[in-house]
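Structural features, examined
One-letter residues, chain by chain:
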Amino acid sequence: MGSSTSSLENHTATSTPAGPRTRSRKYPWLVFALTFGLLLSDYMSRQVLSAVFPFLKAEWALTDSQLASLTSIVALMVGLLTLPLSLLADRWGRVKSLVLMAVLWSVATLMCAVATNFEQMLGARFLVGVGEAAYGSVGIAVVLSVFAPRVHASLSGAFMAGGSFGSVLGVALGGVIAVHLSWRWSFAAMAVFGLILVALFRALVTERKLAAHAADDRPAAVDERAAGAATTPPDGFRAPVSSLFTNPAVLCAYAGGGLQMFTAAVLLSWTPSFFNRYYGLAPDKAGVAASIVVLLVGSGMVVCGIVTDRVGRHDITRKWTTAIAFCAISLACLALAFRLDTGTAQLVLLGIGAFFSAGSSGPTAAMVANLTHSSVRASAMGTLTVANNLLGLALGPFVVGILADRLGLREALQLSPLVYVLAIGALVAGKRLYPLGLRKFTTLGTGPGTAA
């Protein structure tokens, strides 16, 4: 074991550049701020629709299923296109890809503002989904590339929470603008905000600067035996795309991450309608009330990511444990909340459940990042985004919309937390398979026929 560990230490020493490298401490945070800002725009453009559901339902006589399809078409496109577009971004250039994506979803959001019927709105929302498809995966890959692995869960949770914060702003501002101006101005405002941010990003973030501030991202081992069992992939090595799907622990992280987003996505999409129908709030006030729930979802992602990094500082497998715990807490609270009558007790349990509903996002993203090579990091995050969207963001709101047409919205919401049972199962399996997954990762590039 000693010789193997020494070999790993020697490799670490020789792979570190001999000369000093000027690396600003502020620039990584600038990258995070701008990338996070665009993620806010992404979700503001996506979720503003929820705030104007009552207006569209009344003006165009839409059913709940049709309203749900306007939400789910975006997540569906994200789920279908994230992986291929992430692969392209890994090769074409992540910065150029992010700029193109943001321009497309902003212009498509302007198209939503001028839609005159359901079909035109559906087409515009389709283009919003195409533009947003790989932003989350490529964006988080850019952020993680300039930060050390010890803070990856915190950063992943905070970055993904941008979706919730953007949803808060989109729903709250969209509802207020729709009431005082019109629902069309709600879409137009989100589009203008996105175009301003993408101009700033294009001016300040470049591939050259990202390369100059790249951080060491060697994986953390479970213990010394795992560390000494294999070598780190060589410098310049490009991992095969197949490595995204052959690591059992990574597959469990994909599944667990996607399934835990199911109920969180339901809360993001349907709480405005829930407060409108069952608490008798006007659309603008329902949007503000729902924004508090969504804010709790985002805050929970940040806090849970920080807690996960602290708990897993000395034992990486504890990050799986925290992800499991967050799912269990949300399952218990939300399952009970939606079975209570309207009132304080329901709101308290709803708030607690919302806080932990997406808390596993940071831990699962950290596990994926920890077990995939940096050369395919955007593609790995793209695969996780596919799982998040197909299993959660697209499936959750759409399934609840269909159930609401048949059973009622309250009854549909009562069933949604049960999906956490499946998420917990996937995360438990991932924890057990993590040592095997780490060994598979550390042997990348050491077999015959590998190329730099």
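Residues numbered from 1 in each chain as written. Predicted model: local features only at pLDDT ≥ 70, side-chain atom pairs only at ≥ 80, totals over all residues. Heavy atoms only, no water.

Identification of the chain as MFS transporter from Rhodococcus indonesiensis is taken from an unreviewed UniProt entry.

Scanning the chain for helices and strands turns up 20 helices and zero strands. In the chain, which comprises 452 residues, the proportion classed as buried is 57%. Of the roughly 17400 Å² of accessible surface on the chain, a fraction of 67% belongs to carbon and sulfur atoms. (Helix = DSSP H or I, 4+ residues; strand = E, 2+ residues; numbered from the N terminus. Buried < 20%, exposed > 50% of the residue type's maximum accessible area, 1.4 Å probe, protein only. Areas by Shrake-Rupley, 256 points an atom, 1.4 Å probe, with all protein chains shown as cover.)

On inspection of all chains with the given rule, the structure shows three salt bridges. Put simply, E132 and R46 hold a salt bridge, and the shortest N to O gap is 3.1 Å. Of this pair, E132 sits in helix α6 (residues 118–132) while R46 sits in helix α2 (residues 26–51), and the two are 86 residues apart along the sequence. Connected via shared salt-bridge partners are D42, R46 and E132. (Salt bridge = Lys/Arg side-chain N within 4 Å of Asp/Glu carboxyl O.)

Once that is clear, we can look at a nonpolar patch on the surface. A surface patch of nonpolar side chains, amounting to about 450 Å² of accessible area, comprises V103, V107, L110, M111, V114 and L195. Broken down by element, the residue count for the nonpolar patch peaks at four residues, all from helix α5 (residues 94–113). Looking at the element boundaries, L110 is found in helix α5. (Patch = residues over 30% accessible without salt bridge, like charges linked within 9 Å, V, L, I, M, F, W, Y side chains within 5 Å.)

Turning our attention to the packing of α2 against α5. Where α2 contacts α5, the axes come no closer than 10 Å and their chain directions differ by 30 degrees. In terms of orientation, α2 and α5 fall into the roughly parallel class. Here α2 and α5 pass one another in a crossing that is left-handed. Of α5, the residues touching α2 (which contributes L38, S41, D42 and S45) are A102, W105 and T109. (Axes fitted to C-alpha atoms, helices over the stretch in contact; angles between N-to-C directions. Parallel < 35°, antiparallel > 145°, perpendicular 65-115°, else oblique. Left-handed = near helix turned anticlockwise from the far one by under 90°. Contact = heavy atoms within 4.5 Å.)

As a further point, take the confidence of the model for the chain. On average, the chain scores 79 in pLDDT, and the residues at 70 or more come to 85%. Confidence over residues 220–233 falls short of pLDDT 50; this stretch has 33 contacts with residues more than four positions distant or in other chains. (pLDDT = per-residue confidence, 0-100.)

Time to look at the environment of M101. Within the fold, M101 resides in helix α5. Expressed as a C-alpha distance, the spacing of M101 and V130, which sit 29 residues apart in the sequence, is 8.0 Å. Leave out the neighbours within four places in its chain, and M101 touches G131, A134, Y135 and V138.

This brings us to the side chain of S273. Topologically, S273 is positioned in helix α12 (residues 248–278). With sequence-adjacent residues up to four places away left out, S273 is seen in contact with F53 and L409.

In the structure shown here, the tally under the stated rule is 14 aromatic pairs. Ring geometry for W105 against Y135: centres 5.3 Å apart, planes inclined by 85 degrees, an arrangement best described as edge-to-face. Highlighted residues: W105 in helix α5 and Y135 in helix α7 (residues 135–144), separated in sequence by 30 residues. Judged on exposure class, the residue W105 and its partner Y135 are both buried. Seen from their ring centres, F355 and F356 are 5.1 Å apart, and the 80 degrees between their planes marks the pair as edge-to-face. Aromatic rings pair up to connect F274, F275, Y278, Y279 and F338 into one cluster. Lying over the aromatic face of Y43, R46 brings its terminal NZ or CZ to 4.5 Å of the ring centre. It is R410 that lies over the ring of Y278; its NZ or CZ is 4.5 Å from the centre. (Phe/Tyr/Trp six-rings, centres within 6.5 Å; stacked < 30°, edge-to-face > 60°. Lys NZ or Arg CZ within 6 Å of the ring centre and 35° of its normal.)

Our focus in this paragraph is the side chain of R94. Relative to the assigned elements, R94 resides in helix α5. If we skip the residues at most four places from it in the chain, R94 touches A89, V138, A141, V142, E207, S374, S375, R377 and A378.

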